[in-house]
Structures are given as structure tokens and as C-alpha cells.
Amino acid sequence: MTKLALNRPVSAIMFIIAIAVFGIASIFSFKMEMFPSMEVPMLAVTYVYPGAPADIVEEDVVEAVEDACRGLSSLDSYTAYSYENYCTIVFSYQYGVNIDSSYMDLTKALNNIDLPEEVEEPTILEMTFDSHTAATLSLAVQSSDSEALTAIVNDEIIPELEAVSGVAQVTTSGGKENNVQVILDSKAMARYGLSIGDVANYIGSADFNMPVGKFSAENRDITVAASETVHSLSALKQIPMMTEKGSLITLSDIAEIRIDSEDQESMSAFNGSPSITIDLSKAQSANTVAVTEDALNVIEKYAASYPDIAFHVMNNNGDAIQKILISILKTLIIGAVLAMIVIFIFFGDMKASLIVGSSIPLSLLLAVSVMRLFGFTLHLMTGSALVIAIGMIVDNSIVVIESCFRHQKEATTFREAAVKGTKSVIASVTASTITTSVVYLPFAIMSGFAGQFLSEFGYTIIIIMVSSLLSAVTVVPLFYTLLKPTEKKGLRTDRILSHVTKAYRRMMPKLMKHRVTVIGGAVVLFTGAIALGATLNFELLPTTYDGSIIVEAVFRPGTTLESMAEQAGRIEESLLEDPHFKEVNMVIADSKASFTAYSETAQTRSSEAAVKTYNQKFKAYANMDVTVLPTGGNSSSLGFLVQPYTMVNLQSLELDQAIAAADALKEELSMIPGVVQVNAESGDSATQAVIRTDSLKAMRFGLTPAQVAIEIYYALNGVDVMSTTLDGKTYDLKVTYPDGTYLDANALMNKQIQTGMGGVITIGNIAEVHYEDVLQSRVRMDGKYMASLQVIPDAAHMMEVSSAVKGYMKQVSLPEGINVAETTDDRILNEELTKMAIFVFAGIFLVFLVMAMQFESPRLSSMVMMSIPFSFIGSIVMMRLFGINISLISMLGLMTLVGTVVNNGILFVDTANGLKRNMPAEKALIESGVIRLRPILMTTLTTVIAMIPMSLEKGGNTGMMSGLAIVIIGGLITSTLLILLFLPNFYLLIAGKKSETIGLTLAASDHDVQ
């Protein structure tokens, strides 16, 4: 291949130009995302059971679903959440299952369940990773005319956003929507003998359109439809009705009809002013950047059409992705430039620096073209792989050009030096490339969550390594021949290296005489590092924040929206007064007020510091439980995988027993150092009025308890009749009683209802009201009740508190019948980190096999492998110094070390093997160290310096990769010292001082260098 490139330089250059063109084109055509596309093997089933409390929902629906589905194939676990009016059952399957097949099996099982008639048909949704993360795009929309704004948002903006390609769902919070309200006059209703149901039926019969059949005319079938339409408010008022006595009246005789805003179920405010919050979520397969750009184009159109409406973008994942990839590109460029500077410092020749430096963009562009060809996505992991690969790319090129320079002394032409220099090391660089590639092969083929997260990363590194090999054996010798670089002598680096080599030659004989002591010292260092590593915390993925926080205020169930808004105003005011926050968004719904305070871009206060400040400030607020959590950075993108709290789940066959155990444990957990508060997520109760109808009394009046219940429901909630168009606008029409008519139980018991015999009685004549405390929610996991505690830590010590809580739960004595249920987070963490560890060892084992086959010597392979664990010393020390936890990312850094360390070890031992033919073993090892000193230092420095920009990333999504860079930097520093100082001693310990080599050599001609 080298000779082909040298014999046909024009063709080679054209090929290089083609790589550049296709590579650049590929970059701009990539699908761009924050993280790899990840599937979650979960199906969620939701049933609606109108009017049923949580315990009845559980008894009538959940238990039946559990009985029918617990034996489904590949089902891992199931969790049922029962609430008033509805329930959701989440089925978790094993990774690798065919989720479409599981969907069909689940549907069949649900179809065979016999449920009450009132239960609506179930909704089955396939859970995706995106469904657990923040919205793809979040907007706050404001206008002085809130009612007109609601109509514009609901009738115009939302439908157009939903029509954008790739949009899965658009939801809103806040806003006031007008509807047609028919407010009944109770006295007039009683006078005319009409019920609310009668009125609703008369209105519905005045506005309808229905097919009624067809007839034939002139040999044609003509469909027939019956239709009545109410076009205006005045026409609505004139709808005729028949009274109990047979007289004719109109709707206006018994009701006030008006168009007015309906009662709000939620409230939203942006920076202190009322707003409507729009959250847009993309489909799993959609391109985030394209979806957000198209959606913002829609918003820009409406901003131009309605200048009085203000649109505020609070969160834009598309913009965040572009910023991440731009940051990676900058890091890539800086790393490449720094690597070229290092090469220039060692060679002292700009041409040599350009030759080696050219391998970086060419290898990357070739790799990018291949990645695009195979449909890879450009995201944080593949982008980081490109950055990490900079040092690996120049490794092969440095070895080749350094060999060319050595052979230039004896060659008559640059071409001859290029051919001989490349030939002498091609086997070595090929072996090192294969060795590095097999390190990443397990990641590429890994399954499960970790496999989805790391697969493209592994393939990307392998593709880059192959690209760098092709570049090293073709482009480097070609440019060496064309540019004719000269190795400068007398450089400052040469003088420094001369002093280092002299010191090395003096020191190594002394170390070799005490090799057992030296090796023992290395073992002690490694043992100490392992002990230090045992103190590190575990996490699935590193968490980063950007100074933003989330505040949640939970109120007692039943608290009115107006009361919650009044009390939440204090929190909103405090956040708005903080100069560190640029925007504050508030949403109030379902007995909870949620605030997101977005940090100023240039501010220096961390999310952890902000959490501490506001935890102290809000803890004294009465009538609400306030929780403050950090957010922003990758925490918004990774959803449930990086929660800033620890969950403790207790299980029991008896719900009361589980709740009691959780209440007792709550106080104990709050005493753990670093715990800010402990929230009970189960056991919240509310007072419920239960109306029990005496069926015998009801029967005497021609009524049933169900009919009485319907009358009560209508009295309290009104009747949603239909959607109608009046004067060109569409409204929902609702029949209801005046506000405050039935504020208490006495008023409700005194409500008159018609009997089945034509008379009138009060509800109190046949029913009684009782008050009970009922649970708002009930949770079952795999058939057992579950009570959960949310442990909120000091944000600056989340991992320490998490470890302390888990340690406490392992030794705490729980009441009989209570057990600790593994949380989803813990299960994923344990499974994936265990799997990662297995694949790390699999990668190391593959390296051993490949080296043993390459050198035909398991002993030599074992010798080089000895350098791997000792290289971890620096990584572990750096992890401890910089507070980096053991995670998928840090373990990825350790695996990256394996390839680099082994490559240097292969070249060192292979050189020593060749030199042993002409000199004693000890001298051969020393000379091998001298010969390999410069390339080892060059490859180490280029990789370390290329990693520095990534290691300095703090916060945001790119900050999660800084730990990987720090692990690599620490490991490379120690591995360089170990290979040069300890590896010769390992060699002597295994091979002794015999003159024969261990196994085969790969670069014989290179070993004759003295």
C-alpha cells in the first residue's frame, strides 16, 4: 500500500481530496442529537374510571390487569399507580426483547379482562427515553388579552406545531379559555319540573348532524343525514323545551346563557406575569435540531402576525445540541493544533509537523464519511470519540515518520527512507491498531442500556483507528517523499532528551539489580490505588448542572388554585429578585406549584450553591412542603438516569404496614449527615365525603343509587354537552348551576331531585353523607404495595449522601413483612456497571489473545499486560483529587488507557526482543527504552495535551465528559513511567537474562539500531 501511494502520487492526492470533500459533506448531513438514540423496554397502560376513588380503581382494574399479565413472556417487573379516576400500569421488559411482539401479547391479555362498564378502553403507550427527559422545546407565551391569547394558542398555534414533522406531542399549561355557560335557575327548574339532564338532552337535540340512511333516485344511491344547527347565542337562548305539565318554554326561561371564561385547572406565569406554557416533545426517531428549527419557524410566523404577543424560548434542545457540537469542534481543533505544536517541538521541522498533523484531519474526515455511510448520529458520545482519538491518530504517524527519519541516515533518497522506514514498523503499527481496536470491540457489540449508549462510541474509535493506520502507511510516507523534511539537531528538546537518556542509562542498571523490590513497590502502589478506588462513589452517568434550579411546593390535596397561587407568590418573588436568574417560569396544577429558575449565562454560582441558599430560605414556609433541586446541564437531557435525590422503596403485602414503616424510617433517614429533607411519596390522604344511598328508600321513589349518584355528579360538576360553533367561533358548551350553589354537604343534601313517579324529594331523604380520610394514590410493584421516601441531599454531596442512605438501608432492621424494593435507578446502575466491568475485562482478555497470537508467545503477552493495571494508579488518584465517581464514562476512560498502554508496551518489548540478538538482555532493555523514549513521550504528550481542553469543560452537557479526559491524563502519565521503569524489570523477571527472544518479533530491521 505504501509503494502504491508512492508510485501513483497524483492518484493518492486525488483520493485525499475526495476524502476531504466527502468528509466535509458528511458533517453537514449528519443527524444531530444530544445523546445516542436509546430505547426503554417499557409499555404503559392507562385506564380511566370516572368517579372512582383510588382504592376502587385498584380493586376493580389494577388487580384484574395484574392477574392477566403477570405471566407475560420476557416481563421483568410491573408497577401499578392507582389514582382517583384513573390508573397507570407500567410493564418493564428485559433488554433485547421485541417490544412490538410484547405489545401484541399485552394487548391480547388486556382484551380478555372483564372490567366494569364505566371503565374506558385502555391506552397503551410504548415508553421511550425521550418521554423521561425534558421537553424538546419549551415556550412561554404572553399577552395582555389572556382570553384572546388562549384562543390563538389552542386554535392556531398548537395545531400547526402538531403538524410539524417529527413532533410527537404538544402540551400547554395556563391560560383562560372561553366556553358557553348555561347557568340554571334552580327555582325555575323546580317550577317546570326539569332536571339538569333534561336540559342537556334538549340542547343536544337542537345541534346535531347524524347519518340516517340512504334512498335511491335516478339509479343512484343518495345518503341521507338529519341535521340541526344553532348558529348564534340568541338562537341558543330560543331552544324550545317541554315542561313536566306539557307547556312549551325556551332555554332562556330557566337559565342564563353567556360566553365566559371557564374555571382554570392550571396556572402559568413567566417572570411574574401570566402566560401559557407550551411544551413540545419530538418523536423518538426525529431529528431534534430539524424539529426545533421547524417549530421555531412556526413561532416566528405568529410573532410577526401578532406583534402584541410575546414568545419566550425557555428551553431549546436543538440549540443546546448545536452548542455542544460546536464546543466539541472547538475542542477538536484546539487539540489538533496543540498536538501539532508538540510534534514541532520534538522534530523542530515545520514540514514534519505538517506531515504528522495532516493525518489528524484526514483520518477524522475518512472516519466521518464511514460513520455517515453506516447511519451514525453525531452526538456527544461520537463527538467525544473524535476528540479522544486525536492522540491515537498521531501515534501511528509518529512511529512511521520517526522510523523514516532514522532510515534517512542510510538511505540515498527520501523515497527509499520512506519505503524502508514504513516497512520496518508497518507490522508494529498494524499490531497496535488491532490491539486498540479490540479494546473497543466489546463496547461496540454491547447490549442493554450501556450498549445503546456506548455502541456508536466504540465503533467510531475502531473506524478512526483503521483510518489512522491507512493514513500512517500511505499519507505519511507520501508527504515525507514530497515535502522532504529534515530532522533538526541541537534542539532544546534534544538536549533535554539527551539528559533524560543519560539519567535513564545510569538509573536502569540499579533498578534492574533490585527488580524484585521495584516490582514490589509497584504492587504496593497498585494496592494503595485499589484501596483509594474503593472509597469512590458509583453513578451510572456523571451529572452536570448550569446554575439553574427547580422549586416544587406541594400543598394539601384539595387546596384551591387561587390559594396555591397566593402562597406560591412568595417563592416566585424571591426567585425573581435573584440577579443570578434570568428567567423564572411557574406552573401551578394538581396541588403543586413548580418553578424553574434559569441561570444567567455568565453567572458563577453553581446550582448546588443555589439549592443550599433556597433550601434554608424556603424551609420555614408554612402550609406547603418545599423541595429545591438542581437542574440544567445534562440533568435535563438524561431524565430519570441522573436524579438529584435518592429513593427508598419499602414493600409489603399490606399497604398500611408499608406506610407505617416508611413514616418510622423517615425520621431516621433525616438524621443522616447531608440529608436536607425526606419526603414521603406515599400515604398522602385527603378528606372525602362519601354519600351512601339507602337503596330500599330510593326504590320506593322509583330511583336507584346509580341515578342518585349521577344527579350528585351533575350538581357538583355540571354537564359537558357538546362543542358548538357560534358566530364563526367554536366553543365547548356546559350546563351547570351557579357558583356556590352546592358549596357544602347541607346544600347538597337539600338539593331536590325528581322521583321516578313524578314527584320531588331531596337527596337527604334517601341518602346520608359520611367523611373519611382516603389515600390519594396507591402503588403496587409486582403485586406488593410500595411506600416510597424521597431523600433530598445537600446538593454538594449528593453521591456521599446516596451511599450513606444505601448503606443504612442494608443494615437497618425493618418490621416483619417489610422489605426494601430495588429502585429502577439502582437496578439499572447495578446491571449496567456490572455489565460494563465484565466487558472491560473482556476487552483486556481480547488484547491478551491478540498479542499472544501476534507474538506467538503468551509469556510476552502476559508481560505487556502487566503494565495495564499499574497504569490505573494515576487514573484512580486523579479521580479522587477531582471528585470523579466510578461511572460508565470513567470506565470508558480506563479502557481507552488499555489501548495506549499496550501499544507502547508492544513497541518497547518488540524492540527489546530484536536487540537481544546482538547484546545482553539488560542492555537491550535499556537501549529499547532509549530508542522508544521519544515516540513514547510524543504520543503521551499529544494525547494528554489533546485531552486538556475536554478536561476543562465544566457544567453543561459537555462537562460530563471531563471525567473521561482526566482519567486518561492521569493514566497516561503513570503508564509512561511504568513502561520505561517497571516494564524492563517485569521482562527480566519473566524472561531472565537469556539471549533468545520471547516469541516472534514484528519489526526486525528496526532492532538493529544501536
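Since the model is a prediction, treat every value here as computed from it, not as a measurement. Numbering of residues starts from 1 in each chain and follows the order in which that chain's sequence is written. It should be noted that, the model being predicted, local features are given only for residues of pLDDT at least 70 and side-chain atom pairs only at 80 or more, the latter also being counted only at that level, while totals for whole chains, interfaces and linings use all residues. As a rule here, side-chain values come from all non-hydrogen atoms in the structure, and water together with hydrogens is ignored.

Asks: Help me out: how do you make sense of the overall build of the chain in this one?
Replies: Each helix is a run of H or I in the DSSP string that is no shorter than four residues. Each strand is a run of E no shorter than two, and both are numbered from the N terminus. Looking only at helices and strands, the chain features 31 helices and 31 strands. In terms of overall dimensions, the chain has a C-alpha envelope of 125 × 75 × 60 Å along the principal axes. Sorting the 1010 residues of the chain into buried and exposed places 53% on the buried side. Every residue pair with non-hydrogen atoms within 4.5 Å of one another is taken to be in contact. For the chain, the proportion of contacts with a sequence separation of at least 24, taken over those separated by at least 6, is 80%. For the chain, the distance from the average site of its 67 positive side-chain charges to the average site of its 102 negative ones is 20 Å. Three exposure classes are used, based on accessible area relative to the maximum for each residue type with a 1.4 Å probe and protein chains only: buried under 20%, partly exposed in between, and exposed over 50%. The charge count treats Lys and Arg as positive and Asp and Glu as negative. His and the chain ends do not count. For the purpose of locating charges, the reference atoms are NZ of Lys, CZ of Arg, CG of Asp and CD of Glu.

Asks: What am I meant to see in a nonpolar patch on the surface here?
Replies: A patch is a set of surface residues, each over 30% in relative accessible area and not in a salt bridge, joined within 9 Å for like charges and within 5 Å for the nonpolar side chains Val, Leu, Ile, Met, Phe, Trp and Tyr. Here the open area of atoms and residues is found with the Shrake-Rupley method and a 1.4 Å probe, where only the protein chains shown may cover a residue. Salt bridges, as used here, are contacts in which a Lys or Arg side-chain nitrogen is within 4 Å of a carboxyl oxygen on Asp or Glu. Where nonpolar side chains cluster on the molecular surface, the patch consists of Leu329, Ile333, Val337, Ile341, Phe344, Ile345, Met350 and Leu354 and spans about 700 Å² of accessible area. Secondary-structure elements contributing two or more residues to the nonpolar patch are α10 (317-347) and α11 (350-373). The element that contributes the greatest number of residues to the nonpolar patch is α10, accounting for 6 residues.

Asks: Just to check I follow, could you spell out the sheet that holds strand β24 (residues 719-726) for this structure?
Replies: In any sheet, the strands associate via hydrogen bonds between backbone groups, in a parallel or an antiparallel arrangement. We call two strands paired when DSSP finds no fewer than two bridges between them. Reading across the sheet, the 4 strands line up as β12-β7-β25-β24 and stay open at both edges, with mixed pairing between neighbours. A strand with exactly one partner marks an edge of an open sheet, and here the two such strands are β12 (255-261) and β24. Each strand axis lies, on average, 25° off the axis of its neighbour in the sheet, ignoring direction. Lying over the sheet, helix α7 (residues 196-205) contacts β7 (178-184), β24 and β25 (729-736), oriented at roughly 25° with respect to β24. Here an axis means a line fitted to C-alpha atoms, over the contact stretch when the element is a helix, while the angle between two N-to-C directions is reported on a 0 to 180 degree scale.

Asks: Any chance you could explain the state of the cysteines here in plain terms?
Replies: The term disulfide refers to a covalent linkage connecting the sulfur atoms of a pair of cysteines. Disulfides are defined in this document as cysteine sulfur pairs within 2.5 Å. On inspection of all chains with the given rule, the structure shows 0 disulfides. The closest cysteine sulfur to the non-disulfide-bonded Cys69 is located on Cys87, 11 Å from its own sulfur.

Asks: I tried to follow the packing of α11 against helix α14 (residues 448-483) on my own but got confused; where do I start?
Replies: To characterise two packed helices, one gives the angle between the axes of the helices and the distance between these axes. Packing of α11 against α14 leaves a shortest axis separation of 8 Å and a crossing angle of 145°. Classified by chirality, the crossing of α14 by α11 is right-handed. Each of Lys351, Ile355, Ser358, Ser359, Leu362, Ser363, Leu364, Leu366, Ala367, Val370 and Met371 in α11 lies in contact with α14, whose residues at this interface are Thr460, Ile463, Ile464, Ser467, Ser468, Leu470, Ser471, Val475, Val476, Phe479, Tyr480 and Leu483. Partitioned by chemical class, the residues of the contact of α11 with α14 number 15 nonpolar, 7 polar and 1 charged. Crossing handedness is defined as follows: a turn of the near helix away from the far one that is anticlockwise and smaller than a right angle gives a left-handed crossing, while the clockwise case is right-handed. Residues were grouped as follows: Ala, Val, Leu, Ile, Met, Phe, Trp, Tyr, Cys and Pro as nonpolar; Asp, Glu, Lys and Arg as charged; and all remaining residues, including Gly, as polar.

Asks: I'm lost on a negative patch on the surface in this one. Help?
Replies: Together, Asp155, Glu156, Glu177, Glu262, Asp263, Glu265, Glu562, Asp590, Asp720, Asp732 and Asp739 make up a region of like negative charge exposed at the surface. When you line up the elements, Glu562 lands in helix α17 (residues 561-576). For Glu562, a relative accessible area of 58% puts it in the exposed group.

Asks: Explain empty space enclosed by the protein to me, please; I cannot follow it from the model alone.
Replies: Remark: the empty space left among the atoms is shown by a probe the size of a water molecule rolled over them. Put plainly, a pocket is an open set of points on a 1 Å grid over the protein atoms alone with protein on both sides within 12 Å along at least five of seven lines, a cavity is a set where a 1.4 Å probe fits but cannot get out, and a lining residue has an atom within 4 Å of a point. Grid points are joined across faces, edges and corners, and a volume is the space filled by probe spheres set on the points. A full pass over the atoms with the stated rule returns 3 cavities of 30 Å³ or more. Approximately 110 Å³ is the volume found for the largest cavity. Across the lining of the largest cavity, the residue classes tally to 5 nonpolar, 6 polar and 2 charged.

Asks: What should I look at first to understand the pattern of salt bridges in this one?
Replies: Close approach of charged atoms lets side chains of opposite charge pair. Within this structure, the stated rule accounts for 10 salt bridges. A salt bridge links Glu402 to Arg406, with the shortest nitrogen-to-oxygen separation between them at 2.4 Å. Within this pair, Glu402 and its partner Arg406 are both found in helix α12 (residues 380-408), separated by 4 residues, close to a single helical turn. On the basis of relative accessible area, Glu402 is assigned to the buried category, the value being 4%.

Asks: Would you take a moment to explain the packing of aromatic side chains for this structure?
Replies: For any pair of aromatic rings, the description rests on two quantities: the centre-to-centre distance and the angle between the ring planes. Each Phe, Tyr or Trp ring, with Trp reduced to its six-membered ring, pairs with another whose centre is within 6.5 Å; inter-plane angles below 30 degrees give stacked pairs, above 60 give edge-to-face pairs, and intermediate values give tilted ones. One pass over the full model with this rule turns up 14 aromatic pairs. Between the aromatic rings of Phe581 and Tyr614, the centroid separation amounts to 6.1 Å while the plane-to-plane angle is 35°, which identifies the pairing as tilted. One end of the pair, Phe581, is in strand β18 (residues 581-589); the other, Tyr614, is in helix α18 (residues 607-618), with 33 residues separating them in the sequence. This pair shows no difference in class: Phe581 is buried, exactly as Tyr614 is. Centre to centre, the rings of Tyr737 and Tyr742 are 5.4 Å apart; their planes meet at 90°, and the pair counts as edge-to-face.

Asks: Would you mind going over the nonpolar core with me for this structure?
Replies: What tends to happen in soluble globular proteins is that the nonpolar side chains get buried as a cluster. We define a nonpolar core as any set of buried Ala, Val, Leu, Ile, Met, Phe, Trp, Tyr and Cys residues linked to one another through side-chain atoms lying within 4.5 Å. Core analysis: the biggest nonpolar cluster contains 155 residues, and Ile401, Phe453 and Val898 have the highest contact counts within it. Ranked by residues supplied to this core, first place goes to α14 with 18 residues. With residues up to four places along the chain from it excluded, the contact list for Ile401 reads Phe347, Ala352, Ile355, Val356, Val476 and Tyr480. Met189, Ala698, Tyr737 and Met749 belong to the second-largest nonpolar core, a separate cluster that totals 40 residues.

Asks: In this structure, what is going on with α18? I would like to understand it.
Replies: Residue pairs three or four apart in sequence face the same way in an α-helix, which turns once every 3.6 residues. Expected span of a helix: the number of residues minus one, times 1.5 Å. Taking 1.5 Å as the rise per residue, α18 with 12 residues should run 16 Å; its terminal C-alpha atoms sit 16 Å apart, in good agreement. Residues of α18 that are buried: Ser607, Ala610, Val611, Tyr614, Asn615 and Phe618. Each buried residue of α18 lies within a common arc of 130° when the element is viewed along its axis, so the set occupies one face. Looking at the buried side of α18, the elements it contacts are β17 (548-554), α17, β18, β20 (625-631) and β22 (675-680). The directions considered for the arc are those from the helix axis to the C-beta atoms.

Asks: What's the story with helix α20 (residues 655-670) in this structure? I'm lost.
Replies: Compared with the 22 Å implied by 1.5 Å per residue over 16 residues, the 23 Å span of α20 between its first and last C-alpha is a close match. Taken as a whole, α20 has its buried residues at Leu655, Ala658, Ile659, Ala661, Ala662, Leu665 and Leu669. Against the buried residues of α20 lie β21 (646-652), β22, β28 (767-775), β29 (777-781), β30 (784-793) and α24 (798-811).

Asks: What am I meant to see in the side chain of Thr436 here?
Replies: In this structure, Thr436 sits in helix α13 (residues 414-445). Exposure remark for Thr436: the relative accessible area of 1% places this residue in the buried category. Beyond its immediate chain neighbours, meaning those up to four positions away, Thr436 contacts Met392, Met465, Gly899 and Asn903.

Asks: Before we go on, may I ask you to explain the sheet that holds strand β19 (residues 592-599) in this structure?
Replies: With antiparallel pairing, the 6 strands of this open sheet are ordered in space as β14-β13-β18-β19-β17-β20. In this open sheet, the two strands that pair with only one neighbour each are β14 (273-274) and β20. Judged from the 8 bridges that link them, β18 and β19 form a sheet pairing that is antiparallel. From the neighbouring strand, Ile588 faces β19, where its bridge partner is Ala593.

Asks: Looking at this structure, how should I read the confidence of the model for the chain?
Replies: Note that predicted coordinates carrying low pLDDT should not be read in detail. Across the chain, the average pLDDT comes to 83, with 94% of residues at 70 or higher. Residue-level confidence of the predictor, termed pLDDT, takes values from 0 up to 100. Looking across the chain, the model is least confident in helix α19 (residues 635-638), with a mean pLDDT of 56, and most confident in strand β11 (residues 248-250), with 92. Segment residues 1003-1010: pLDDT under 50, and 24 contacts once partners within four positions in sequence are set aside and those in other chains are kept.

Asks: For this particular structure, what's the right way to read unusual backbone geometry?
Replies: Negative phi characterises most residues that are not glycine, and trans characterises most peptide bonds. Residues other than glycine seldom take positive phi values, yet Lys484 does so here, at roughly 55°. Summarising the element assignment, Lys484 is placed in the loop between α14 and α15 (492-513). For Lys484, a relative accessible area of 43% corresponds to the partly exposed category. Within the chain, Asn623 stands out as a residue other than glycine whose phi angle is a positive 65°. With respect to the helices and strands, the residue Asn623 is situated in the loop between α18 and β20.

Asks: Explain the packing of helix α28 (residues 888-915) against helix α29 (residues 921-951) here, please?
Replies: Taken N-terminus to C-terminus, the directions of α28 and α29 make an angle of 155°; their axes are 9 Å apart at the nearest point. Taken together, the axes of α28 and α29 lie roughly antiparallel to each other. As α28 runs across α29, the sense of the crossing is right-handed. For the pair formed by α28 and α29, the contact residues are Asn904, Leu907, Phe908, Thr911, Ala912 and Leu915 on the first element and Ala924, Leu925, Glu927, Ser928, Gly929, Ile931, Arg932, Ile936, Thr939 and Thr940 on the second. Taken together, the residues of the contact of α28 with α29 break down into 8 nonpolar, 6 polar and 2 charged. Roughly parallel covers angles under 35 degrees, roughly antiparallel covers those over 145, roughly perpendicular covers 65 to 115, and oblique covers all other angles.

Asks: Which parts of the structure should I look at to understand a positive patch on the surface?
Replies: On the surface, Lys502, Arg506, Lys510 and Lys513 cluster together into a positively charged patch. Position of Arg506 among the secondary structure elements: in helix α15.

Asks: Help me out: how do you make sense of the environment of Ala12 in this one?
Replies: Mapping Ala12 onto the fold places it in helix α2 (residues 9-29). In sequence terms Ala12 and Leu329 are 317 residues apart; their C-alpha atoms lie 27 Å from each other. With sequence-adjacent residues up to four places away left out, Ala12 is seen in contact with Ala5 and Leu478.

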